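Read off the chains here:
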Amino acid sequence: MNDTVSIIIDWAVRIGVSLLIFIIARWLSKIFYNGFMKLSKKTGIVNVQYQRTLKTLFNIAFFALAIFIIVSVLFKNLTPVLTGLGVSSIIIGLAIKEPLENFICGILIMLNKLIIEGEAVEISGQSGSIVEIKLNHVLLKTWDGKMITMPSRSVWTATIVHFWPENIRRNDLNVGVSYSSDLNKVMKVLEESVNSYEKLYKDESHKPVIQFTGYGSSSIDFVVRFWVERSNFVNSSTDLAKIIKTKFDENGIEIPFSQIDLHIKRD
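Analysis parameters
- Residues numbered from 1 in each chain as written.
- Predicted model: local features only at pLDDT ≥ 70, side-chain atom pairs only at ≥ 80, totals over all residues.
- Heavy atoms only, no water.
- Pairing = 2+ DSSP bridges.
- Helix = DSSP H or I, 4+ residues; strand = E, 2+ residues; numbered from the N terminus.
- Axes fitted to C-alpha atoms, helices over the stretch in contact; angles between N-to-C directions.
- Salt bridge = Lys/Arg side-chain N within 4 Å of Asp/Glu carboxyl O.
- Core = buried A, V, L, I, M, F, W, Y, C linked by side-chain atoms within 4.5 Å.
- Buried < 20%, exposed > 50% of the residue type's maximum accessible area, 1.4 Å probe, protein only.
- Expected span 1.5 Å × (residues − 1).
- Arc of directions from axis to C-beta.
- Contact = heavy atoms within 4.5 Å.

Caption draft 1: How the structure looks around the sheet that holds strand β3 (residues 137-142). Ordered in space as β4-β3-β2-β1-β5, the five strands form an open sheet in which the pairing is antiparallel. Only two strands of the sheet have a single neighbouring strand rather than two, namely β4 (147-151) and β5 (160-162). Adjacent strand axes in the sheet meet at a mean angle of 40° when their direction is disregarded. Inspection of the sheet shows strand β2 (residues 126-133) paired to β3 by five bridges, in the antiparallel sense. Bridging from a neighbouring strand, G128 pairs with T142 of β3.

Dropping the structure here:
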């Protein structure tokens, strides 16, 4: 009877200590997470966009440590436990190979700042805005409102196009003029048009350029390359096209359209 009571008390103490360890691990995780976030905001070590992912990482790290300690507290003789874990770990490892790869790649994406939440990107041919970066997958919202779930491993190994590495970006506008046009006059009008655009971004390294691109089937073709800030990019092509059309009309420059000459042969 005394032995039974002793065993019950012994296990009650072990379980109580285990619960205390678990609570302490949760408390430490919260403290370290808050401290790390304050440090990262000051130093910029990690983008604040990753704060949800970081919280999960801290929880996993401290809870994993707590589990190892709890196992050592509950089982004095760890040999049978470790033997069982050794066999089961092989089976579990094979079963969770792909999720584990996604988990590791998710951490690498975050640490290398490969993408950040809210960024406009193209990943494996899919373009849109990053909604959320989780440990095992990335949520991408396309421009037409679709939500795509991408495994972290696929994102890590993919070619990624960052649409806005800076706040400015070049836009290209194709223009065609009639073969009867004075090309010197055309170039001058195009230059005046693009420089009169009030939202044009211009400095020593970012100047507008007008280039000849070829003799088309019904027009002589040019491209106007110009820089704008992010907030003006979407409307910049339409705005400049209106300016160019007005300038062409004022200067008698024709924008041709495809025509078909039909010849009827009579016997």
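Caption draft 2: Structural detail: the pattern of salt bridges. For the structure on display, the rule yields six salt bridges. For R153, the salt bridge is made with E101, and the minimal N-O distance between the two is 3.2 Å. Placement of the pair is R153 in helix α5 (residues 152-157) and E101 in helix α4 (residues 97-111), with a sequence separation of 52 residues. One salt-bridge network, held together by shared partners, links R170, D172 and R225.

Caption draft 3: Expanded view of the nonpolar core. L190, V224, F226, L240, I244 and F248 are the most contacted members of the largest nonpolar core, which totals 23 residues. Of all the secondary-structure elements, those providing two or more residues to this core are β6 (168-177), α6 (183-196), β8 (220-229) and α7 (233-250). The biggest single contributor to this core is β8, with five residues.

Caption draft 4: Fine view of α6. Here α6 contains 14 residues, and its C-alpha end-to-end distance of 20 Å stays within 8% of the 20 Å for a straight helix at 1.5 Å per residue. When we look at burial in α6, the residues that qualify are V186, V189, L190, S193 and V194. In a view along the axis of α6, the buried residues occupy a sector of 125°, so they form one face of it. For α6, exposure combined with an orientation more than 90 degrees from the buried face picks out N184 and K188. Looking at the buried residues of α6, the elements they touch are β6, β7 (209-215), β8 and α7.

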